[in-house]
Amino acid sequence: MVSAGTLSQPISLLYVDDEPALLELSKRYLERSGNFVVSIASSPLEAIGMLADQYFDAVMSDYEMPEMNGIEFLKHLRAEGNTIPFLIFTGRGREEVVIEALNNGADFYIQKGGDPRAQFAELINKIHYAVSRRRAEDALRRSEERYRFIADNVADNIWMFDMELNLIYVSPSGEIMRGFTAEEDLTQSLEDKMTPESCERVVRRFQEELALNATGTADLKRTILFETEEYCKDGSTIWVENSVRCLADVHGESAGVIGVSRDITWRKQAEEALRQSEERYRSLAENSPFGIVTCDREGTIDYVNPKMVEMMGSPDIEETQKINILTFPPLQDAGFTDILKRALDTGVQENSMHVKYRSKWGKTLNLRGYISPFSKNGSVFGAQIIVGEIVGENIEE
């Protein structure tokens, strides 16, 4: 059963109907009930725009409207994943319309006509029921998400240190991370737990935070993040991310720290692999016999390799990066800008590109190469240009 407490807040209702007089009448009547804030729209298209801009607890819609009927409006919302409570309030009472509305996710179907008081009483009751049910479902979902978060993170290690950095509590889940039981963990000193570098870093950070607390201006509830390399029972080491807060006594003085630790070894390994990969590719680019340039969608150069600087006769990389590839007149005149724009617009690689132009520093270049757009999630955000200089060949522009 839905609790009445779920309706302690006013209901924000969007009412959609192509009859202006009925819109205003229904708005006044519902708001006089004391628990509604009613917004009105004269068409589903207008309502769709309003739903995109603000929150509503429920939608009440007429069935017959010129641009889109009520069920088409309902189907549009459900197709977008919008599960807002939806009520059809209409003069059409054919059984097949009722069945179609309910089959497409309408919460209730209410037919206009009859005694207005009885009709609005039924309308208010059904809106209350639909909204209170949704609020109860949302509250349950939020509660389940909170408990699921806790359940999904039980592998994290929870611990407490006193002011002398003695471990006074560690959760059993610490054994999953390092292999030591809670009892074994409690007997270890800080030096037993982590590498000398990490131990030194922790002591220094602890002293810095204590000095900050002593100023009287620090937030004792602040969260402190740091990483440590720690020993495991099998002799290996893992990288750990620590989220730490100060513990205060009844007088507000620092009494220790409480922390949550998570094994991030996989992340550190991925970061190191990425760093090595970037170094390898940077070395290839820096030593390439071809000119390489990357730019964003606006034509701003974000990387240029030494070979390209040499080919252009530029004094240095910094000067080369001052050129905007999309607005530099010589590149526009040579037709290169149009090729680059096409690649950025279509996301399709441009192969066998031939251009001839005079660089900013007076060097005439015959270039052949290709342009490869950069994209993420289907959106192009830049491009890579690789070219070689052609010597002794005349290229028609």
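This text follows the structure it describes.
Quick caveat: nothing in here was measured; it's all calculated off a predicted structure. (Residues numbered from 1 in each chain as written. Predicted model: local features only at pLDDT ≥ 70, side-chain atom pairs only at ≥ 80, totals over all residues. Heavy atoms only, no water.)

Colleague: Can you walk me through the side chain of Thr294 in this structure?
Modeller: Take Thr294: it is sitting in strand S11 (residues 291-296). A distance of 2.4 Å separates a polar atom in the side chain of Thr294 from a polar atom in the side chain of Asp302. Excluding anything up to four places from it in sequence, Thr294 contacts Thr300, Ile301, Asp302, Tyr303, Phe374, Ala383 and Gln384. (Helix = DSSP H or I, 4+ residues; strand = E, 2+ residues; numbered from the N terminus. Polar contact = N/O pair within 3.5 Å; in protein donor to acceptor, adjacent residues only side chain to side chain. Contact = heavy atoms within 4.5 Å.)

Colleague: Would you take a moment to explain the nonpolar core for this structure?
Modeller: Nonpolar side chains tend to gather and get buried jointly when the protein is soluble and globular. If you look at the biggest cluster of nonpolar residues, it comprises 29 residues, and the most contacted ones within it are Ile325, Phe336, Leu340, Met353, Tyr357, Ile371 and Ile385. Mapped onto this core, the elements with two or more residues apiece are S11, strand S12 (301-304), helix H11 (306-312), helix H14 (336-346), strand S13 (350-358), strand S14 (364-376) and strand S15 (379-389). It is H14 that contributes the most residues to this core, 5 residues altogether. When near neighbours in sequence (up to four residues on either side) are disregarded, Leu340 contacts Cys295, Ile325, Leu326, Ile371, Ala383 and Ile385. Among the nonpolar cores identified, the runner-up in size contains 23 residues, and Val16, Val59, Met65 and Leu74 belong to it. (Core = buried A, V, L, I, M, F, W, Y, C linked by side-chain atoms within 4.5 Å. Buried < 20%, exposed > 50% of the residue type's maximum accessible area, 1.4 Å probe, protein only.)

Colleague: Is there a simple way to think about the environment of Pro306 in this case?
Modeller: The topology assignment puts Pro306 in helix H11. Pro306 sits in the partly exposed class, given a relative accessible area of 34%. Taking the C-alpha atoms as reference points, Pro306 and Pro289, separated by 17 residues in sequence, lie 9.3 Å from one another.

Colleague: Could you clarify how one ought to interpret helix H9 (residues 196-214) in this entry?
Modeller: In an α-helix, one turn spans 3.6 residues, which is why side chains three or four residues apart end up on the same side. If you check H9, its first and last C-alpha atoms are 27 Å apart, about what 19 residues at 1.5 Å a residue would give, namely 27 Å. Restricting attention to buried positions, one finds in H9 the residues Ser198, Cys199, Val202, Phe206, Glu209 and Asn213. Along the axis of H9, the buried residues cluster in a sector spanning 100°; they form a single face. Opposite its buried face, H9 presents the exposed residues Pro196, Glu197, Glu200, Gln207 and Ala214, each directed more than 90 degrees away. (Expected span 1.5 Å × (residues − 1). Arc of directions from axis to C-beta.)

Colleague: What should I look at first to understand the packing of aromatic side chains in this one?
Modeller: Geometry of an aromatic ring pair is reported as the spacing of the ring centres plus the angle between the planes. This model, assessed by the stated rule, comprises 7 aromatic pairs. When the ring of Phe73 is compared with that of Phe86, the centres are 5.4 Å apart and the planes differ by 70°; the resulting orientation is edge-to-face. Of this pair, Phe73 sits in helix H3 (residues 70-79) while Phe86 sits in strand S4 (residues 86-90), placing them 13 residues apart in sequence. The burial state of Phe73 is the same as that of Phe86; both residues are buried. Here a set of aromatic residues connected by ring pairs shows up, and it is made of Tyr15, Tyr29, Phe89 and Phe120. Between the NZ or CZ atom of Lys112 and the centre of the ring of Phe89, over which it lies, the distance is 5.6 Å. Taking NZ or CZ as reference, Lys268 lies 4.6 Å from the ring centre of Trp239, over its face. (Phe/Tyr/Trp six-rings, centres within 6.5 Å; stacked < 30°, edge-to-face > 60°. Lys NZ or Arg CZ within 6 Å of the ring centre and 35° of its normal.)

Colleague: Before we go on, may I ask you to explain the sheet that holds strand S7 (residues 167-170) in this structure?
Modeller: Strand order in the open sheet formed by 5 strands is S7-S6-S10-S9-S8, and the pairing between neighbours is antiparallel. Edge positions in the open sheet fall to S7 and strand S8 (224-231), since each of these has one partner strand only. Averaged over all pairs of adjacent strands, the angle between their axes in this sheet comes to 30°, without regard to strand direction. Here 5 bridges tie strand S6 (residues 157-161) to strand S10 (residues 254-263), and the two strands are oriented antiparallel to one another. (Pairing = 2+ DSSP bridges. Axes fitted to C-alpha atoms, helices over the stretch in contact; angles between N-to-C directions.)

Colleague: So what exactly am I meant to see when it comes to the pairing of S4 here?
Modeller: Residues in a regular strand project their side chains so that they alternate between the two faces of the sheet. Counting buried positions over the 5 residues of S4 gives 5, a clear majority of the element. Side-chain alternation along S4 places Phe86, Ile88 and Thr90 on one buried face and Leu87 and Phe89 on a second face that is also buried. Direction of pairing for strand S3 (residues 58-61) relative to S4: parallel, over a ladder of 3 bridges. By the bridge assignment, Ser61 is partnered in S4 with Ile88. Following the chain from S3 across H3 to the adjacent parallel S4, one finds a crossover that is right-handed. Pairing of S4 with strand S5 (residues 108-111), which is carried by 4 bridges, proceeds in the parallel orientation. The partner of Phe89 across the bridge, within S5, is Ile110. (Right-handed = clockwise from strand over helix to strand, strands pointing away.)

Colleague: What exactly am I supposed to notice about the sheet that holds S4 here?
Modeller: Picture the strands of a sheet paired through backbone hydrogen bonds; they go either parallel or antiparallel. The strand order across the open sheet built from 5 strands is S2-S1-S3-S4-S5, with neighbouring strands paired in parallel fashion. One side of each edge strand has no neighbouring strand; the edge strands of this open sheet are strand S2 (36-41) and S5. If you compare each strand with its neighbour and ignore which way they point, the axes differ by 20° on average. Of the strands in this sheet, strand S1 (11-16), S2 and S3 are in contact with helix H2 (residues 44-53), which crosses S2 at around 130°.

Colleague: For this particular structure, what's the right way to read the packing of H2 against H3?
Modeller: Packed helix pairs are characterised by how far apart their axes lie and by the angle those axes make with each other. Between H2 and H3, whose axes approach to 10 Å, the crossing angle comes to 25°. Relative to H3, the element H2 lies roughly parallel. Crossing angle aside, the handedness with which H2 passes H3 is right-handed. Seen from H2, the contacting residues are Pro44, Ala47, Ile48 and Leu51; seen from H3, they are Phe73, His76 and Leu77. Among the residues making up the contact of H2 with H3, the classes are represented as 6 nonpolar, 1 polar and no charged. (Parallel < 35°, antiparallel > 145°, perpendicular 65-115°, else oblique. Left-handed = near helix turned anticlockwise from the far one by under 90°. Nonpolar A, V, L, I, M, F, W, Y, C, P; charged D, E, K, R; others polar.)

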